[in-house]
Amino acid sequence: MPVSMICGILAYFLGRELPLSPEAKDDVLHFVETLQPILLFVMLYIAFCKVSPSQLRPHKWQFWVLLTQGGLFAAVCIIMYMVPLSVGENANSTFHFALEAFMLAIICPTATACAVVTQKLGGDSASTTSYTILINLVVALLIPLLLPITHMQSHLTFLTAFVTIIKKVFPLLIFPLLLAWGTRFLLPRLHTKILSVRDLAFYLWAVALAFAIAITCRALAHSNESLAAVSSIALATLIACIFQFTFGWWIGKHYGFRMEAGQAMGQKNTIFIIWLGYTFLCPISATAGGFYSIWHNIVNSYQLYKKRKSAK
């Protein structure tokens with residue numbers, strides 16, 4: 001994970017120094033922006049292939065985590081609607097960016113690599129995968145429904161914004177599930193072949209993370225926002241990360257799934273945050289995914305370190 005992030009940073013700065021025309025650099029950016037949702041789709045497809053519908057038993061902790069994520073997202077959207085961004089007011093802008101970063105970090109679906117990390121930590125990967133499916137369904141409905149009210153534009157009606165977002169978000173999150181189950185029942189040989197490649201989704205995620213970090217670096221480099229605004233995004237995502245892991249551990253402890261609930265709520269598909277921020281919000285919002293990636297990878301690295309240490 002750290003190697004992937006470092007590669008993304010180096011890729012941006014090396015690419016910026018290459019003697020390419022502005023048009024060529026724009027083509028590279030367009031390629032990366034096109035490749036990102038494709039990688040997201042493939043990662044989700046592979047992750048969903050690993051779980052049979054019969055394994056997707058609901059758990060009580062999943063209800064509370066879903067309710068918390070959805071409720072907080074809705075609350076922040078309402079606050080942003082009531083306190084719109086005023087151009088030129090630094091304090092207002094900083095507060096708005098912090099809210100936006102917190103909102104993205106809260107509603108972002110669980111990482112496709114969550115099941116892999118959960119398994120490495122000795123947990124029940126099927127329960128985290130089932131939550132990944134549930135949160136993707138919820139996100140595919142809530143984001144098109146609520147995100148337009150936070151960034152209403154004069155030339156767009158709510159219905160137009162809703163349709164625009166759902167056309168991009170819903171297929172990206174739901175079609176992989178339908179395709180995975182179709183492959184399981186209609187193409188069993190292909191399904192077996194996909195499962196035979198160990199940790200394929202994890203390695204694809206590492207590649208996608210490198211691209212995502214490169215885009216984050218570009219957004220920071222081209223941003224005219226103040227240090228206070230960028231710092232507020234970093235702080236907001238840190239608070240969101242600490243809250244989600246802590247709340248997940250707390251609620252999961254009551255049902256015997258402490259680690260699973262913490263991972264499901266705290267380990268995020270940060271590439272989705274970056275894609276969502278860069279596609280529908282302002283480019284600086286994409287940095288929320290980069291910052292959150294740092295925070296949740298620190299938590300995961302520490303957990304894996306403790307697991308290895310206890311196994312000795």
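Residues numbered from 1 in each chain as written. Predicted model: local features only at pLDDT ≥ 70, side-chain atom pairs only at ≥ 80, totals over all residues. Heavy atoms only, no water.

Peer 1: When you look at the overall build of the protein in this model, what are you seeing that I'm missing?
Peer 2: Each helix and strand counted, the protein has 13 helices and zero strands in total. Secondary structure of the protein in N-to-C order comes out as α-α-α-α-α-α-α-α-α-α-α-α-α. Along the longest, intermediate and shortest principal axes, the C-alpha atoms of the protein span 50 × 45 × 45 Å. With 312 residues in all, the protein has 50% of them scored as buried. For the protein, the proportion of contacts with a sequence separation of at least 24, taken over those separated by at least 6, is 82%. Surface summary for the protein: the accessible area is close to 15000 Å², and the carbon and sulfur share equals 70%. Averaged over its 21 positive side-chain charges, the protein has a centre that lies 19 Å from the centre of its 11 negative ones. (Helix = DSSP H or I, 4+ residues; strand = E, 2+ residues; numbered from the N terminus. Buried < 20%, exposed > 50% of the residue type's maximum accessible area, 1.4 Å probe, protein only. Contact = heavy atoms within 4.5 Å. Areas by Shrake-Rupley, 256 points an atom, 1.4 Å probe, with all protein chains shown as cover. Lys, Arg positive; Asp, Glu negative; His and termini not counted. Charge placed at Lys NZ, Arg CZ, Asp CG, Glu CD.)

Peer 1: Quick question: what am I supposed to make of the packing of aromatic side chains here?
Peer 2: Here the structure, examined in full by the defined rule, presents six aromatic pairs. Residues W61 and F257 carry aromatic rings whose centres are separated by 6.4 Å and whose planes lie at 35° to one another, so their mutual orientation is tilted. Taken as a pair, W61 in helix α3 (residues 60–82) and F257 in the loop between α10 (227–253) and α11 (258–266) lie far apart in primary sequence, 196 residues in all. F257 shares its class with W61; the two are buried. Of the aromatic side chains, those joined through ring pairs into one cluster are W61, Y131 and F257. (Phe/Tyr/Trp six-rings, centres within 6.5 Å; stacked < 30°, edge-to-face > 60°.)

Peer 1: Teacher, can you tell me more about empty space enclosed by the protein here?
Peer 2: Which parts of space are left empty comes out when a probe the size of a water molecule is rolled across the atoms. Considering all chains together, one arrives at one cavity of 30 Å³ or more under this definition. In this structure, the largest cavity spans a volume of roughly 50 Å³. As for the largest cavity, its lining consists of A47, F48, A111, T112, C114, A115, T128, T129 and T132. Every element with two or more residues in the lining of the largest cavity is listed here: α2 (22–49), α5 (114–120) and α6 (125–150). Ranked by residues supplied to the lining of the largest cavity, first place goes to α6 with three residues. Here the residues of the lining of the largest cavity sort into five nonpolar, four polar and no charged. (1 Å grid on protein atoms, 1.4 Å probe; cavity = no way out; pocket = protein on both sides within 12 Å on 5 of 7 lines; lining within 4 Å. Points joined across faces, edges and corners; volume = space filled by probe spheres on them. Nonpolar A, V, L, I, M, F, W, Y, C, P; charged D, E, K, R; others polar.)

Peer 1: Help me understand the side chain of N269, please; the structure alone is not making it clear to me.
Peer 2: Checked against the element boundaries, N269 lands in the loop between α11 and α12 (270–280). Given a relative accessible area of 3%, N269 falls into the buried group. Apart from the residues lying within four places of it in its own chain, the contact partners of N269 are L40, C108, P109, T110, A111 and T112.

Peer 1: Got a minute to help me understand the side chain of Q303 in this structure?
Peer 2: On the secondary structure map, Q303 appears in helix α13 (residues 287–311). On the accessibility criterion, Q303 (14% relative accessible area) is buried. At a separation of 3.4 Å, a polar atom in the side chain of Q303 contacts the side chain of Q263. (Polar contact = N/O pair within 3.5 Å; in protein donor to acceptor, adjacent residues only side chain to side chain.)

Peer 1: For this particular structure, what's the right way to read a nonpolar patch on the surface?
Peer 2: On the surface, I78, I79, Y81, M82, V83 and F95 cluster together into a nonpolar patch covering about 600 Å² of accessible area. Tallying contributions element by element places α3 first for the nonpolar patch, with four residues. Looking at where F95 falls in the secondary structure, it is placed in helix α4 (residues 90–107). (Patch = residues over 30% accessible without salt bridge, like charges linked within 9 Å, V, L, I, M, F, W, Y side chains within 5 Å. Salt bridge = Lys/Arg side-chain N within 4 Å of Asp/Glu carboxyl O.)

Peer 1: Looking at this model, I keep getting lost on α12. Mind explaining?
Peer 2: Three or four residues apart is the spacing at which side chains of an α-helix point the same way, because the helix has 3.6 residues per turn. For α12, a buried count of 10 out of 11 residues is recorded, marking the element as mostly surrounded by other parts of the structure. Those residues of α12 not exposed but buried are T270, I271, F272, I273, I274, W275, L276, G277, Y278 and F280.

Peer 1: It is not clear to me how the nonpolar core should be interpreted in this structure. Could you clarify?
Peer 2: Nonpolar side chains in soluble globular proteins tend to be buried together. By size, the foremost hydrophobic cluster in this structure holds 73 residues, and its most contacted members are F73, M103, I143, I271, F272 and L276. Counting 10 residues, the second largest nonpolar core, distinct from the first, contains I133, L177, A180 and A201. (Core = buried A, V, L, I, M, F, W, Y, C linked by side-chain atoms within 4.5 Å.)

Peer 1: Quick question: what am I supposed to make of helix α1 (residues 2–17) here?
Peer 2: Helix length check: α1 (16 residues) gives 23 Å between terminal C-alpha atoms against 22 Å at 1.5 Å per residue, within 8%. Taken together, the buried positions of α1 are S4, M5, G8 and Y12. End-on view of α1: buried residues confined to an arc of 105°, all on one side of the axis. Relative to its buried face, α1 has exposed residues pointing more than 90 degrees away, namely V3, L14 and E17. (Expected span 1.5 Å × (residues − 1). Arc of directions from axis to C-beta.)

Peer 1: Explain the packing of α3 against α11 here, please?
Peer 2: In a pair of packed helices, the angle between the axes and the distance between the axes together describe the arrangement. Running from amino to carboxyl end, α3 crosses α11 at an angle of 25°, the nearest separation of the two axes being 11 Å. With respect to their mutual orientation, α3 and α11 come out roughly parallel. Here α3 runs over α11; the crossing is right-handed. On the side of α3, the interface is formed by W61, V65, T68 and Q69, while α11 contributes E260, A261, A264 and M265. Looking at the contact of α3 with α11 residue by residue, the classes come out as five nonpolar, two polar and one charged. (Axes fitted to C-alpha atoms, helices over the stretch in contact; angles between N-to-C directions. Parallel < 35°, antiparallel > 145°, perpendicular 65-115°, else oblique. Left-handed = near helix turned anticlockwise from the far one by under 90°.)

Peer 1: When you look at the packing of α2 against helix α8 (residues 188–196) in this model, what are you seeing that I'm missing?
Peer 2: Put simply, α2 and α8 touch, their axes get as near as 10 Å, and they point 105° apart. Our classification of the angle between α2 and α8 gives roughly perpendicular. Along the contact surface, α2 presents Y45, I46 and C49, while α8 presents L190, H191, I194 and L195. For the contact of α2 with α8, the per-class residue count stands at six nonpolar, one polar and no charged.

As far as function goes, none of this settles anything; it's purely spatial.
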